[in-house]
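Overview (structure and organization)
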Amino acid sequence: QLQLVESGGGLVPPGGSLRLSCAASGFTLYHYTIGWIRQALQKDREGVSCVNNSDGSTYDADSVRGRFTNSRDNAKNTVYLQMNSLKPEDTAVYYCAAEVLHPVQAMCVNVWFSGSWGQGTQVTVSS
């Protein structure tokens, strides 16, 4: 069974930081594209930051570019999303998802992930 488990969400004031983690089991992340996807209340899913773990290519949405950074720890089979300078509009449930390797920009923009999804972790940015 392929599983992803997100953690690290919480309540943070504007300008603060959080680091989300996504731990995988049942498969090796190196062979997949990993997407961080968020869904705010009453809004569609948005691909935020995605990485092709094989070649290292990345794509970040305009709304988060320069503020969010993805990374991975192959030994732990875990990917991370470091979120800095958080804004209230970043408030959403954040999911990680895995898919076989395809062009990362298209996958992120179109939320083209049909493989494994995590359960999501809530991020709330508020004073």
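The present account deals with the structure reproduced in this document. Please read all numbers here as calculations on a predicted model, not as lab measurements. (Residues numbered from 1 in each chain as written. Predicted model: local features only at pLDDT ≥ 70, side-chain atom pairs only at ≥ 80, totals over all residues. Heavy atoms only, no water.)

**Section: the overall build of the chain**
- Within the chain, the secondary structure is distributed over 1 helix and 11 strands.
- Mapped in sequence order, the helices and strands of the chain form the string β-β-β-β-β-β-β-β-β-α-β-β.
- Computed over C-alpha atoms, the radius of gyration of the chain comes to 13 Å, within 12% of the 14 Å expected from 2.2 N^0.38 for 127 residues, which places it in the range of a compact globule.
- Each principal axis of the C-alpha distribution contributes one length, and for the chain these read about 40 × 25 × 25 Å. (Helix = DSSP H or I, 4+ residues; strand = E, 2+ residues; numbered from the N terminus. Rg over C-alpha atoms; globule rule 2.2 N^0.38 Å.)

**What about the nonpolar core?**
- In this structure, Leu4, Phe68, Met83 and Tyr94 are the most contacted members of the largest nonpolar core, which totals 27 residues.
- Every element with two or more residues in this core is listed here: strand S3 (18-25), strand S4 (32-39), strand S5 (46-52), strand S8 (78-83), strand S9 (92-100) and strand S11 (121-125).
- Those residues in contact with Met83, other than ones at most four positions away along the chain, are Gly16, Ser17, Leu18, Leu20, Arg67, Phe68, Tyr94 and Val123. (Core = buried A, V, L, I, M, F, W, Y, C linked by side-chain atoms within 4.5 Å. Buried < 20%, exposed > 50% of the residue type's maximum accessible area, 1.4 Å probe, protein only. Contact = heavy atoms within 4.5 Å.)

**What to know about the packing of aromatic side chains**
- Summed over the entire model, instances satisfying the criterion amount to 2 aromatic pairs.
- The ring of Trp117 is capped by Arg45, whose NZ or CZ atom sits 4.7 Å from the centre of that ring.
- Cation over ring: Arg65 sits above Tyr59, and NZ or CZ is 5.6 Å from the ring centre. (Phe/Tyr/Trp six-rings, centres within 6.5 Å; stacked < 30°, edge-to-face > 60°. Lys NZ or Arg CZ within 6 Å of the ring centre and 35° of its normal.)

**Considerations on the state of the cysteines**
- A complete count under the given rule lists 2 disulfides for this structure.
- Through a disulfide, Cys22 is tied to Cys96; the S-S separation comes to 2.0 Å. Sign of the S-S torsion, about 75 degrees for the bond between Cys22 and Cys96, identifies this disulfide as right-handed. A residue pair is termed long-range when its members are at least 10 positions apart, and Cys22 in strand S3 and Cys96 in strand S9 qualify at 74 residues.
- Here Cys50 connects covalently by a disulfide to Cys108, the sulfurs 2.1 Å from one another. Residues Cys50 and Cys108 are joined through a disulfide that is right-handed, its torsion about the S-S bond being 80 degrees. Note that Cys50 is positioned in strand S5 and Cys108 in helix H1 (residues 104-109), a separation of 58 residues in sequence.
- Looking at Cys50, the relative accessible area reads 0%, which means it is buried.
- By relative accessible area, Cys108 is classed as buried at 1%. (Disulfide = S-S within 2.5 Å.)

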